[in-house]
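This is what each chain is made of:
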Amino acid sequence: MTHLLSTMADSRILTLAQAAPDLVRTQWRLQTYWTWAPWFTVLFVAAAVALVSYCYLREISPAGRAYRAMLAFLRLGAIALVMIMLSELLMSQTRNGLPRLAILLDRSASMGIADAPDPTVPTEVTQRIGTSQLGEPNRLNLGKSVLMSDPDRLSDLQHDYEVAVYSFADNLEALPASDASALHQSLTELMPHGSGTQATRLGDALAQVAGEQPGTPLAAVVVVTDGCNTAGRNLADGAEILRRASVPLYVVGIGAEQAPSDLAIADLRAEDAAFVDDLLSFSATVRSTGMAGKPVRVELRREGQAEPVAVEELTIPASGDSVEVRLLDRPKQPGDAAYTLAIEPVAGELDPENNSVRHVVKVHDEKVRVLLAAGYPSYEFRYLKNLLDRDRAVECHTYLQEADPDYHAQDQTAVPQFPVELREMEQYDVIVVMDLDPRLLPRSAWGHLKQFVTEKGGGLVLVAGPRYFPALYRDISEIVQLAPLQFDDVDPNSAGMVDPGFSFQPTPIGLRMPALQLGDTSAETESLWQGLPPMYWFAEFGPPKPAAQATAVHPRQTTADGRPVPLAAVQYVGAGQVLLHAVDSTWRWRYRVGDVFFARYWIQSLRSLARAKLRDAGSGVEILADRQRYELGEPVRLQVRFRDPRLAPATDQPVTLLLQSQGKPDRQVSVARDAQSAGLYQTELSDLEMGRYRVVLASPQLTEPPAAPSLEVVAPPGEFAKLELDRPGLTSAAAATHGEYYSLAEAERLFRELPRGRRVTLETLPPIELWNRWWMLLAVSTCLISEWILRKQKAML
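**Things to note about the overall build of the protein chain**
Counting secondary structure elements, the protein chain contains 21 helices and 36 strands. Here the protein chain holds 797 residues, and the buried ones make up 48% of them. Contacts in the protein chain between residues at least 24 apart in sequence constitute 73% of all its contacts with a sequence separation of at least 6. Within the structure as shown, the protein chain displays about 38700 Å² of accessible surface, and the carbon and sulfur contribution to it stands at 52%.

**Observations regarding the side chain of Thr-225**
Looking at the element boundaries, Thr-225 is found in strand β6 (residues 218–225). Engagement of the side chain of Thr-225 in a polar contact is seen with the side chain of Asp-106, the distance being 2.8 Å. In this structure Thr-225 touches Asp-106, Met-111, Phe-168, Leu-202, Val-251, Val-252, Gly-253, Ile-254, Leu-725 and Leu-730, once residues within four positions along its chain are discounted.

**Here we look at the sheet that holds strand β33 (residues 710–714)**
Taken together, the eight strands give an open sheet; going across it, the order is β26-β28-β31-β30-β29-β32-β33-β27, and neighbouring strands pair in mixed fashion. In this open sheet, the two edge strands, each paired with only one partner strand, are β26 (621–625) and β27 (629–631). Ignoring which end each strand starts from, the neighbouring axes of this sheet average 30° apart.

**Side note on helix α8 (residues 202–211)**
Among the 10 residues of α8, eight are classified as buried, and the element is accordingly described as predominantly covered. When we look at burial in α8, the residues that qualify are Leu-202, Gly-203, Asp-204, Ala-205, Leu-206, Ala-207, Val-209 and Ala-210.

**Section: the packing of α8 against helix α9 (residues 235–244)**
In the contact formed by α8 and α9, the axes pass within 7 Å of each other and the chain directions differ by 15°. Regarding the angle of α8 to α9, the classification is roughly parallel. Remark: the crossing between α8 and α9 carries left-handed chirality. Contacts between α8 and α9 pair Leu-202, Gly-203, Leu-206, Ala-207 and Ala-210 from the former with Leu-235, Gly-238, Ala-239, Ile-241 and Leu-242 from the latter. Here the contact of α8 with α9 is composed, by residue class, of eight nonpolar, two polar and no charged.

**Structural notes on the pairing of strand β14 (residues 335–343)**
Bridge count for strand β11 (residues 295–302) against β14 is five bridges, and the pairing is antiparallel. From the neighbouring strand, Leu-300 faces β14, where its bridge partner is Leu-341.

**Things to note about the packing of aromatic side chains**
Under the defined criterion, the tally for this structure stands at 18 aromatic pairs. On the basis of an interplanar angle of 90° and a centroid distance of 4.9 Å, the ring pair of Phe-469 and Tyr-473 is categorised as edge-to-face. Looking at Phe-469, the relative accessible area reads 3%, which means it is buried. Taken together, Trp-446, Phe-469, Tyr-473, Phe-487 and Phe-541 form an aromatic cluster joined through their ring pairs.

**A word on the pattern of salt bridges**
Inspection of the entire model under this criterion finds 32 salt bridges. A salt bridge links Arg-107 to Glu-173; the nearest nitrogen and oxygen atoms lie 3.6 Å apart. Within this pair, whereas Arg-107 is found in the loop between β3 (100–106) and α4 (123–131), its partner Glu-173 is found in strand β5 (residues 172–175), the two being separated by 66 residues in sequence. By relative accessible area, which is 36% here, Glu-173 ends up partly exposed. For the salt bridge of Arg-297 with Glu-344, the shortest nitrogen-to-oxygen distance reads 3.3 Å. Of the two residues, Arg-297 is situated in strand β11 and Glu-344 in the loop between β14 and β15 (356–364); the sequence distance between them amounts to 47 residues. With a relative accessible area of 27%, Arg-297 lands in the partly exposed category. With relative accessibility at 41%, the residue Glu-344 sits in the partly exposed group.

**Quick look at the environment of Arg-474**
Here Arg-474 is to be found in the loop between β19 (459–463) and α14 (477–482). Relative accessible area serves as the criterion here: at 37%, Arg-474 is assigned to the partly exposed category. The spatial distance from the C-alpha of Arg-474 to the C-alpha of Asp-491 is 8.8 Å, given a sequence separation of 17 residues. Apart from the residues lying within four places of it in its own chain, the contact partners of Arg-474 are Val-480, Phe-487, Asp-488, Val-490 and Pro-492. Polar side-chain contacts of Arg-474 include one of 2.7 Å to the backbone oxygen of Val-490.

Definitions and cut-offs
- Residues numbered from 1 in each chain as written.
- Predicted model: local features only at pLDDT ≥ 70, side-chain atom pairs only at ≥ 80, totals over all residues.
- Heavy atoms only, no water.
- Helix = DSSP H or I, 4+ residues; strand = E, 2+ residues; numbered from the N terminus.
- Buried < 20%, exposed > 50% of the residue type's maximum accessible area, 1.4 Å probe, protein only.
- Contact = heavy atoms within 4.5 Å.
- Areas by Shrake-Rupley, 256 points an atom, 1.4 Å probe, with all protein chains shown as cover.
- Polar contact = N/O pair within 3.5 Å; in protein donor to acceptor, adjacent residues only side chain to side chain.
- Pairing = 2+ DSSP bridges.
- Axes fitted to C-alpha atoms, helices over the stretch in contact; angles between N-to-C directions.
- Parallel < 35°, antiparallel > 145°, perpendicular 65-115°, else oblique.
- Left-handed = near helix turned anticlockwise from the far one by under 90°.
- Nonpolar A, V, L, I, M, F, W, Y, C, P; charged D, E, K, R; others polar.
- Phe/Tyr/Trp six-rings, centres within 6.5 Å; stacked < 30°, edge-to-face > 60°.
- Salt bridge = Lys/Arg side-chain N within 4 Å of Asp/Glu carboxyl O.

Next comes the structure, spelled out in structure tokens:
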């Protein structure tokens, strides 16, 4: 017996009780002989039962069979209790927990899109939106309905899991999910971060959830998203982290697999000031998604007119690339002309508000003051002078070097000398220098001419000729700096190039400029340029400067670097603009048609050059933005320039701007004085929300306020560059983790197919020694004493 009990020292654990519902699991451990001789233990128990039974059956006693069976039971009970005490019975307990289930809901800006109805989605799925009072059926609300469709869903999940609900965009945020009502409230209040988020970090959200270690293992991750990942880890990297942790990913894809239709007008380019009957050009970019190969109608409307002033029908390329559009108009009345460039919206469009752009042009009913200065009476000078003399919109003065001394007395438009002082030049809007002999003018005149352009915003036309320009101008640094073409290749002994005949061929950039619009449409203008008479002489210049634009080139001749020889070029220099002609025979365009095209080109060119002075002729104050279009979060740099220092506020007072945007309260911005530049105030803003803004001068208050520029803050291209559901990427990520992808119509099946949650051990509690308890000794004593008393009552030994 002693040997038998001593052999129970090496034993294995025997589980005698299962998990309790309070997450505390109890195990009974006793040491048994089964580890090396289980048959010996069975033999001992059988022998003990047999021996006790045999003894009581054979014993002679008046006690009945039942009475003796009771005595045998007490004897065997005492033996069993002694065996338990010798085996050192222990009760061990462990604290168990449920595995975690992480549910991630995408709240990024793209989830605010309301896609066109999907015929594959059952109607009851979309009806959940109305019954849940979530608002419009955008992607986020559809995702909410997946979690909120069944009021008992959270309770059912909490029976098997420790449920954690998150929302994510550029960061991961936990939602209150202690009970169904708390989760319902937090989901109802969740909104897409269309105006605040700069990125969607789906891969980072998966990695963060997988890396959390709150105590219980992660059983599965459920993600409700459209798959638009724009920053951080990509989706495949996030899925790989889950795969290494043996956590399956279950995805519910929300959104249309084809990008929603959207049209937008962007990068509007138009003049802020013009003359009556000027040709105004409104150029913009038409951006589109989901519209490849479809026709689009673009209209230019002027406020106060029922019908559009210009219309263009275009087709979006099959590649879906942006399309350039340009519409023209000639204002007939002075004042502020408000134009709207708009695209007709299409059904189911993503954002109809970006289909139009408003622009205000200040139209002046003034004459363009022109000085036509020439070295000799060439055909170009004569025809241009006669044209400007007849035009009622132009006030022309002329200066001719090779003229009779009394020429200015005979011609009312003539002036006796070229204006050499800046104050004399300021009375003109545009100065045309036509092959003028620089040796007959004082050297200071060129410095003042440069100031006239760069500081006063005047226009300058430089017309080449066979005698003086450009041959004698190489050493005049002011002209070299003003000219749009380089003088490196100019031969001081050359009289130009004689050609058997060439056309004045506009460049693509030139064809978009108002000055070169000979027809009412772009196609008509291009056709008219091809039919104009040829020219036979041009001057040789170098290539255009980096900031200049060639508006016309020679159709055959090329420069040393293989580019076409420029015949006309334009560039902004400071506040003004300079046009250079390498030809002197535009008068030939009058052949058989009179002044039609010759006049249209020159009047439009002179008016275009004079617009810079129109802008400067206002209040003496200018508001500038470094760009018209900014991405969300990019710095917006604003400047206020006082050309007249008397209009600037006192030294200790700032300038205040007002930012106006439809649907938003006006915002005041204080602009500080720049210490390095007199009359310049500037600031930088980085917290503007998305939208279109108009910048108005609030203080100081002026009798003639400056023009209010417009700017637009748009979402980052990464957030809306790819709007369609990334089903292939989501399916691949789910498969890599041994999870599954579900469409919105299949979402109900997801919660039935999640892996069943199994409780896991969190903590082992200290064991309780049951064999060394007083009640164990009491039980043994009770069995033995009870048997002895009962035996004595029946007179048994």
